[in-house]
Amino acid sequence: MDILPVLIETSGGVVGAMVTSPSGPPRGAAVILPGALGSTRSGLNQVFARLASSLAAVGVSSLRLDYPGSGESHLCRMSSWEESTAETIEWFRRRCGERNPVLVAECAGLLPAYREVHAGRGVSGVGLFLIPEPPAPGPARRQRGWRARPLARWVWRLPRRLMFRVRYGPPDPRLVTIWPASAYRALGGSEAMLREIAARVPLWVLGAEADPVTAELRRLGDRLGPEADCELEVVGGTSTGGSSLPGAADVVRAVTRWVDRLLQPAAVAAAATVADGGRAEAVSGDRRRGLG
Amino acid sequence: MVGTRPGEMLSVPAGMRSGAAAEAGTPALHRGDPVLETATGGSVVCRSRGREYLREVGWIHSGPDRLYASLYAARTPAAGVVVLPHWGRDGRLLLEWCHRLALGAAHRGGCGVLVQWPGNEDSEGGGGAPDLDRLVEIGLEVLAASRRRFPTIPWSLAGVRLGAVVAALAADSGDAAAVVLVQPELDLQAYFDQVARAARLNLVRGDPHPGWGFRAEIPAGLGQPGVGARVHAALGTLSRPVGVVRYAVPPSDPLPGNVLEVTVPGSWLRPPGGDHRPLRHRALGFLSASSGWR
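Draft legend 1. Local environment of the overall build of chain A. Check the secondary structure of chain A and you find 9 helices and 8 strands. By sequence separation, contacts in chain A at least 24 residues apart represent 74% of the contacts at least 6 residues apart. For chain A, the accessible area works out to roughly 12,300 Å², and carbon and sulfur atoms hold 55% of it.

Draft legend 2. Local environment of the environment of A:L151. Looking at the secondary structure, you find A:L151 in helix α4 (residues 140-168). For A:L151 and A:V31, which are 120 residues apart along the polypeptide, the C-alpha to C-alpha distance reads 39 Å.

Draft legend 3. Just the sheet that holds strand β7 (residues 203-208) of chain A, in detail. Residue and element names in this part refer to chain A. Here we have 8 strands laid out as an open sheet, ordered β1-β2-β4-β3-β5-β6-β7-β8, and mixed in their pairing. Of all strands in the sheet, those bounded by a partner on one side alone are β1 (2-10) and β8 (230-235). The average undirected angle you get between the axes of adjacent strands in this sheet is 20 degrees. Pairing between β1 and strand β2 (residues 13-21): 9 bridges, direction antiparallel. When the bridges of β2 are listed, D2 appears paired with S21. Here helix α2 (residues 81-93) sits on the sheet and contacts β1, β2, β3 (28-33) and β4 (60-65); the angle it forms with β4, its principal contact strand, is near 160 degrees.

Draft legend 4. Spatial organisation of the confidence of the model for chain A. Residues and elements named next belong to chain A. Model confidence for chain A is summarised by a mean pLDDT of 78, while 76% of its residues fall at 70 or above. For chain A, per-element mean pLDDT is lowest for helix α9 (residues 265-275), which scores 53, and highest for β3, which scores 95. In the model, residues 272-292 has pLDDT below 50 throughout and makes 48 contacts with residues more than four positions away in sequence or in other chains.

Draft legend 5. Seen up close, unusual backbone geometry. All names here are of chain B. V249 connects to P250 through a cis peptide bond whose omega is 0 degrees. Positive phi is not limited to glycine here, since D175 has a value of about 55 degrees. Positive phi values are uncommon outside glycine, yet Q183 reaches one of about 40 degrees. Among the secondary structure elements, Q183 is positioned in the loop between β7 (179-182) and α6 (188-201).

Draft legend 6. Structural context of helix α3 (residues 110-118) of chain A. In terms of burial, α3(A) is largely enclosed, as 7 of its 9 residues are buried. Within two residues after α3(A), A:G120 carries a phi angle of roughly 75 degrees, on the positive side.

Draft legend 7. Layout of the confidence of the model for chain B. Residues and elements named next belong to chain B. In this model, chain B carries a mean pLDDT of 79, and residues with pLDDT of at least 70 account for 78%. Considering only residues more than four positions removed or in separate chains, one finds that residues 1-41, a stretch of pLDDT under 50, has 111 contacts. Listed scores for the predicted complex are pTM 0.84 and ipTM 0.82.

Draft legend 8. Focus on the pairing of strand β10 (residues 242-249) of chain B. Residue and element names in this part refer to chain B. A large share of β10 lies buried, amounting to 6 of its 8 residues. Examined bridge by bridge, β7 and β10 share 4 bridges and lie parallel to one another. Bridge pairing in β10 links V180 to G243. Across 7 bridges, β10 lies against strand β11 (residues 259-267) in parallel orientation. Across the sheet, V244 pairs through a bridge with E261, a residue of β11.

Draft legend 9. Broad picture of the packing of helix α5 (residues 162-170) of chain B against helix α7 (residues 227-236) of chain B. All names here are of chain B. Where α5 contacts α7, the two axes come as close as 9 Å, and the packing angle between them is 45 degrees. Overall, the two elements α5 and α7 adopt an arrangement that is oblique. α7 is crossed by α5, and the crossing has left-handed handedness. For the pair formed by α5 and α7, the contact residues are V165, A168 and L169 on the first element and V227, R230, V231, A234 and L235 on the second. The residue makeup of the contact of α5 with α7, split by class, is 7 nonpolar, no polar and 1 charged.

Draft legend 10. Looking closely at the state of the cysteines. Residue and element names in this part refer to chain A. The full count for this structure, using the stated rule, is 0 disulfides over all chains. Between C107, a cysteine without a disulfide, and C230, which holds the nearest cysteine sulfur, the sulfur-to-sulfur distance is 20 Å. Of the residues examined, C107 reaches a relative accessible area of 29% and is grouped as partly exposed. Exposure remark for C230: the relative accessible area of 1% places this residue in the buried category.

Draft legend 11. Inspection of the packing of aromatic side chains at higher detail. All names here are of chain B. Tallied over the full model, the rule gives 7 aromatic pairs over all chains. Pairing Y53 with Y72 gives two aromatic rings, centres 6.2 Å apart and planes at 35 degrees, and the pair type is tilted. Taken together, the residues Y53 in strand β2 (residues 51-62) and Y72 in strand β3 (residues 65-73) connect sequence positions 19 residues apart. Note on accessibility: Y53 and Y72 belong to one class, buried. Sitting above the plane of the W59 ring, R66 keeps its charged end 4.1 Å from the centroid. Across from the ring centre of F150, 4.9 Å away, lies the NZ or CZ of R149, which sits over that ring.

Cut-offs used in this document
- Residues numbered from 1 in each chain as written.
- Chains lettered and ligands numbered in written order.
- Predicted model: local features only at pLDDT ≥ 70, side-chain atom pairs only at ≥ 80, totals over all residues.
- Heavy atoms only, no water.
- Helix = DSSP H or I, 4+ residues; strand = E, 2+ residues; numbered from the N terminus.
- Contact = heavy atoms within 4.5 Å.
- Areas by Shrake-Rupley, 256 points an atom, 1.4 Å probe, with all protein chains shown as cover.
- Pairing = 2+ DSSP bridges.
- Axes fitted to C-alpha atoms, helices over the stretch in contact; angles between N-to-C directions.
- pLDDT = per-residue confidence, 0-100.
- Buried < 20%, exposed > 50% of the residue type's maximum accessible area, 1.4 Å probe, protein only.
- Parallel < 35°, antiparallel > 145°, perpendicular 65-115°, else oblique.
- Left-handed = near helix turned anticlockwise from the far one by under 90°.
- Nonpolar A, V, L, I, M, F, W, Y, C, P; charged D, E, K, R; others polar.
- Disulfide = S-S within 2.5 Å.
- Phe/Tyr/Trp six-rings, centres within 6.5 Å; stacked < 30°, edge-to-face > 60°.
- Lys NZ or Arg CZ within 6 Å of the ring centre and 35° of its normal.

So, in structure tokens, the structure goes:
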């Protein structure tokens, strides 16, 4: 296994990424998309680094990137996250030979994964874990209040901010939401994104038994119907993330198993059919249909 | 170039430069030179605030661990600084700040190298295993690797929070030109006890395992008793410029007489301006004054 750090020039600035390749000839490729809130390409408790190593062990090359504004990409403009992330994935895709990469996304990584699928760029499948709950829109009056308060605070703090800017230079970008809630709302929340992804490429979702989102996903599976090419895998516990070592191990094991299965010859043929624009009509027999 | 033959997937040879630099023919400085100690990774020339600087990423081999390091350098650096970061989840929150400290060195005509501790971020190795002596050993090896990269310039150490302890203990053996400790946590036992206590009190998130705090393992080897006294003794005997840059709140314990204390108005928990720019500004100012940077 070879792990290579790379710096990729994009329209928003330099993006830092890690390419992990297996020791033998790769049989597939994956892009690991971290969540947004303070996640880096190695992930909490290095869950993504472990995942990349595990994928390399089954012959899959992978790319994991720091989003603009975070980690090694701290000088890349956060406002250009969409273009820079897409260009980085494209950089990797060009090196993937004939096969398109699988996208593995945690939490808000769903958004760039959706953008890739929506734009019709080559994607073999999408695997998700720690699915974010769509933000509930508040009543209009309350929203107006919430907008007025930060504005007043901004005006109150303006003189001091100007003084700091003169003395110490421009402020560092805040390490908060790269994906604003408004983007979710504009896209209709997670459900609309999951629907479209499932309509275009194989979709796999990892949920935790005690996670309330898992029940939501089951209901969504009922609404999508059996023809959607998607499946839900449920593990025990309360969360499927890197917040504990068992949770990280669950994620690594389950994602590796899914990618390995997806890259079996029969599944690859089915994915190619889907990527050509049609709905999945034939998938390998051992896969469950529907999120439920 | 890699993976260009049909059907061939990524099989990246050691020494490959970044895709953008290779494709666009970006004039990379030191194109044929190794990145830090071993030749892997990317090397690009970047531009920030109208100044051009070299940026490299790569690995430094230290004992059983492979450590990830990031380098920022002016075209002809006049001095260098190795940035030793904080640890764990708190360290992740200061990651970009540490990058900007190294970049600030490049902006001032110097060179900055940021290394990641084993088991943290992109570095390989056990997260919970290392003890303080191992971290000091790593600090010295990174300093030596940086010196091999730019041998003619003086190299200093900048330790951030937990990294300050390592910088203080490694400064004399590593013959650092100057040492700056940023918001240091000189008593690691007290620090990790505080992390564990805060995690226990965080009833919203809870804590998955004993020995964990805020979703990360608390390294048992680092929070040993007596570290504070050892660091104070080491600081007192240092024969090179030593500065401590910290906020006025919380107040610090008394420091040895040879240590220059630079206090920034404000609080660590509620930094003025929303980030820690003043700390970075003062730390770079101290290094400039003591190592002859611009």
